[in-house]
Structure formats: structure tokens, C-alpha cells
Amino acid sequence: MNKVIVITGPTAVGKTKLSIELAKRYNGEIINADAVQVYKGLDIGSAKVTEEEKEDIPHHLFDIKEVDEEYTIYHYQKDCRKLIKEVQGRGKTPILVGGTGLYIKAALYDYKLTEEKETNTYDNLTDEELYNKLLEVDKDIVIDKNNRRRLIRALNYYKENNKSINTNTTNKLLYDAIFIGLTTDRRILYDKINTRVDIMIKEGLLNEVKVFYDKNIRTKPLLNAIGYREIYSYFDGNISLEEAIDKIKQNSRHYAKR
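Thresholds, definitions, all that
- Residues numbered from 1 in each chain as written.
- Predicted model: local features only at pLDDT ≥ 70, side-chain atom pairs only at ≥ 80, totals over all residues.
- Heavy atoms only, no water.
- Helix = DSSP H or I, 4+ residues; strand = E, 2+ residues; numbered from the N terminus.
- Rg over C-alpha atoms; globule rule 2.2 N^0.38 Å.
- Contact = heavy atoms within 4.5 Å.
- Areas by Shrake-Rupley, 256 points an atom, 1.4 Å probe, with all protein chains shown as cover.
- Lys, Arg positive; Asp, Glu negative; His and termini not counted.
- Charge placed at Lys NZ, Arg CZ, Asp CG, Glu CD.
- Core = buried A, V, L, I, M, F, W, Y, C linked by side-chain atoms within 4.5 Å.
- Buried < 20%, exposed > 50% of the residue type's maximum accessible area, 1.4 Å probe, protein only.
- Expected span 1.5 Å × (residues − 1).
- Salt bridge = Lys/Arg side-chain N within 4 Å of Asp/Glu carboxyl O.
- Axes fitted to C-alpha atoms, helices over the stretch in contact; angles between N-to-C directions.
- Parallel < 35°, antiparallel > 145°, perpendicular 65-115°, else oblique.
- Left-handed = near helix turned anticlockwise from the far one by under 90°.
- Nonpolar A, V, L, I, M, F, W, Y, C, P; charged D, E, K, R; others polar.
- Arc of directions from axis to C-beta.
- Polar contact = N/O pair within 3.5 Å; in protein donor to acceptor, adjacent residues only side chain to side chain.
- Pairing = 2+ DSSP bridges.

Undergrad: Lay out the overall build of the chain in plain terms, naming residues and giving numbers.
TA: Broken down by element type, the chain carries eleven helices and five strands. Rg of the C-alpha trace for the chain: 18 Å, near the compact-globule value of 18 Å for 258 residues, within the 12% margin. Along the longest, intermediate and shortest principal axes, the C-alpha atoms of the chain span 50 × 45 × 35 Å. When contacts within the chain are restricted to residue pairs at least 6 apart in sequence, those whose partners lie at least 24 apart make up 71%. In the form shown here, the chain has an accessible surface area of approximately 13,600 Å², with 46% of it arising from carbon and sulfur atoms. Placing the 43 positive and 41 negative side-chain charges of the chain at their respective mean positions leaves the two points 5 Å apart.

Undergrad: Summarise the nonpolar core; cite the residues concerned and give the values.
TA: If you look at the biggest cluster of nonpolar residues, it comprises 52 residues, and the most contacted ones within it are Tyr76, Leu96 and Leu108. Contributing elements (two or more residues each) for this core: strand E1 (4-8), helix H3 (73-89), helix H4 (101-108), helix H7 (186-203), helix H8 (205-213), helix H9 (220-224), helix H10 (229-235) and helix H11 (241-256). Here this core takes six residues from H3, the largest share from any one element. For Leu108, the residues in contact, after removing those within four places along its chain, are Val4, Val6, Ile84, Leu96, Lys172, Leu173, Leu174, Tyr175 and Phe179. Counting residues in hydrophobic clusters, the runner-up holds 13 residues, among them Tyr131, Leu134, Ile152 and Tyr157.

Undergrad: Tell me about H3, and please be specific about residues and values.
TA: Taking 1.5 Å of rise per residue, the 17 residues of H3 would be expected to cover 24 Å, and the 24 Å separating its terminal C-alpha atoms lies within 8% of that figure. Those residues of H3 that fall on the buried side of the exposure criterion are Ile73, Tyr74, His75, Tyr76, Gln77, Cys80, Leu83, Ile84 and Val87. Just past H3, the residue Gly91 takes up positive phi, approximately 75°.

Undergrad: Residue-level account of the pattern of salt bridges, with values.
TA: A complete count under the given rule lists 18 salt bridges for this structure. Close ionic contact of Glu29 with Arg90 constitutes a salt bridge, the shortest N to O distance being 2.8 Å. Taken together, the residues span a long stretch of sequence, with Glu29 in strand E2 (residues 28-32) and Arg90 in the loop between H3 and strand E4 (93-97) at a distance of 61 residues. Glu29 sits in the buried class, given a relative accessible area of 3%. Residue Arg90 is classed as partly exposed on the basis of its relative accessible area of 45%. Lys48 is the partner of Asp43 in a salt bridge, and the nearest nitrogen-oxygen pair spans 2.8 Å. Since its relative accessible area comes to 33%, Asp43 is described here as partly exposed. Salt bridges sharing common partners tie together Glu21, Lys24 and Glu55.

Undergrad: Let's hear about the packing of helix H5 (residues 127-137) against helix H6 (residues 148-161): which residues, and what values?
TA: One way to put it is that H5 packs onto H6 with a least axis distance of 10 Å and a crossing angle of 30°. Classified by the angle between their axes, H5 and H6 sit roughly parallel to one another. Judged by the sense of rotation from one axis to the other, the crossing of H5 with H6 is left-handed. Along its contact with H5, which presents Asp127, Leu130, Tyr131, Lys133, Leu134 and Val137, the element H6 presents Arg148, Leu151, Ile152, Ala154, Leu155, Tyr158 and Lys159. Among the residues forming the contact of H5 with H6, the class breakdown is nine nonpolar, no polar and four charged.

Undergrad: Describe H7, with residues and values.
TA: For the α-helix, the turn length of 3.6 residues means that residues three or four positions removed from each other point alike. Spanning 18 residues, H7 covers 25 Å between terminal C-alpha atoms, matching the ideal 26 Å at 1.5 Å per step. The set of residues buried in H7 consists of Leu189, Ile193, Val197 and Met200. End-on view of H7: buried residues confined to an arc of 75°, all on one side of the axis. Residues of H7 that are exposed and point more than 90 degrees away from the buried face comprise Arg187, Asp191 and Lys202. On its buried side, H7 packs onto H8 and H11. For H7, the capping residue at the N-terminal end is Asp185, with a side-chain oxygen 3.0 Å from the backbone nitrogen of Arg187.

Undergrad: Residue-level account of the sheet that holds strand E3 (residues 59-60), with values.
TA: On the basis of which strands lie adjacent, the open sheet formed by five strands has the order E3-E2-E4-E1-E5 and parallel pairing. Strands with a single pairing partner mark the edges of an open sheet, and in this sheet they are E3 and strand E5 (177-181). Most of the contacts of H3 go to E4, to which it runs at about 150°, and overall it touches E1, E2, E3 and E4. Where H4 meets the sheet, its contacts fall on E1, E4 and E5, and the angle it forms with E1 comes to roughly 165°.

Here it is, written out as C-alpha cells:
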């Protein structure tokens with residue numbers, strides 16, 4: 001089977017379980033397509049696949065970077081395409097799994113990317129302020145104003161290239177790919193998300209985040225990723241723990257319905 005399988009969809013919808021079943025059926029190897037799961041130590045909050053869940057299936061691009069190391073879409077594109085070639089060279093099926101759409105698009109479509117030099121994280125700005133700042137330079141951009149990671153990348157892209165990130169789009173697919181988009185009834189999904197967040201708290205999400213907080217590490221994956229940024233806000237004393245947990249659920253549901 002000389003194809004690339006792509007499994008995407010919102011959090012808690014069942015991507016990991018399906019990826020393992022397909023890998024067993026089609027002699028596959030799994031490639032991470034989640035922007036948070038590339039980082040070491042961000043396990044509970046990103047619902048990273050466990051060793052037990054892997055069932056001895058090879059997994060790639062998980063735990064490849066420290067949280068204070070830079071890893072951009074440019075790096076992911078290079079790494080993922082190299083892995084696809086290697087996996088197919090072994091006569092096996094690459095299976096991309098994750099909900100980071102930009103990763104999937106950059107890897108599989110004919111995007112011309114260069115290494116990003118502008119890396120401002122705009123920690124002093126709220127999402128709304130960041131969105132308004134982007135509109136000042138790119139007034140016609142169409143973008144999710146609640147997606148902080150994408151807002152930051154769009155603003156940095158414009159500053160570096162003096163043009164909108166929306167100009168860097170293409171429909172040219174480079175691989176023979178099968179796309180599987182998972183979904184479910186919204187009420188069921190929201191219940192699953194709420195349950196998953198509660199389980200994350202019980203499994204030690206606060207302790208996971210505190211390891212980095214106590215070291216005063218404030219890098220993009222910690223300050224932008226759902227589950228981490230809210231706990232950081234709690235540790236900073238800006239919100240209560242109950243408010244942080246509620247925000248994690250709210251933000252997860254928001255991204256799930258896009």
C-alpha cells in the first residue's frame with residue numbers, strides 16, 4: 001500500500017485508537033502531527049500516546065524537542081517528508097495522526113517554506129490584542145482570532161516577509177494520501193472532552209506543568225497550548241484552579257467545533 005494515511009479531528013474523538021488499528025492492518029508506522037506532542041515532558045496535557053497504547057507500533061516525531069527548543073512548521077515539513085520517504089522505503093505505510101492542520105498541510109502539500117527568523121511570542125498581549133495588531137498590518141486576513149498560535153505565526157510571517165501568510169497556500173498534493181476526518185455528535189464530544197480534562201487533572205497535570213513553571217520556563221508550547229497556558233495563569237495567581245480547569249474545557253470545546 002504505497003499511500004499516506006492521515007487521521008485528523010478534534011481532541012478526544014479517537015484518533016490514537018484508530019491509528020493503532022490501521023497500523024496493524026496496513027503494516028504502518030505512525031508519524032505525529034500534533035504541535036505539542038513533539039515536546040518532551042508535555043504528556044498529560046497533550047494526551048500523548050503511552051507506551052502501552054503504542055502496542056509495539058513504531059511512532060515518530062514524538063518527544064523530539066525540549067520545551068525551550070525552537071521547532072517550527074518549516075522544521076516539521078522537513079522531518080515529516082523525510083520520514084514518509086523512509087517509511088515507504090521500508091515497504092510500510094506512513095500514518096499521520098494529529099489535529100494540527102498546518103503541520104499536515106505543510107507536510108503533504110506543495111508549500112514553499114523557509115526557516116522562520118521572527119520568533120516574537122507576544123506574551124504581553126491578549127488574544128484579542130494580538131488579533132487587532134495583526135489586522136493593523138494585514139487588514140484582509142481571514143483567521144481564527146482565538147487561535148493564539150496561528151495569530152503569532154501570521155504576525156511574525158508578515159513582519160518577516162511583508163506579505164500575508166494567506167498568500168502561502170496551495171492545493172497541490174504531493175502524495176497519494178487518504179484523509180480520515182473523525183467526528184461525532186457535538187454533545188458526545190463535549191462530554192468526552194470534559195471527562196478527559198478531569199482525568200488529566202487526576203493524573204497529575206498540575207505537577208507536570210509545575211516542573212516547568214518552577215524553572216521559569218515560558219516558551220511557546222507552554223504559554224500557547226491548551227491545558228498548559230491555563231495552568232500557568234493559575235500558578236501566576238490570575239485565576240483560581242476551578243477557573244483554570246473550566247477554561248481548559250471551554251478552549252478545548254472551542255477548537256473541537258471548528
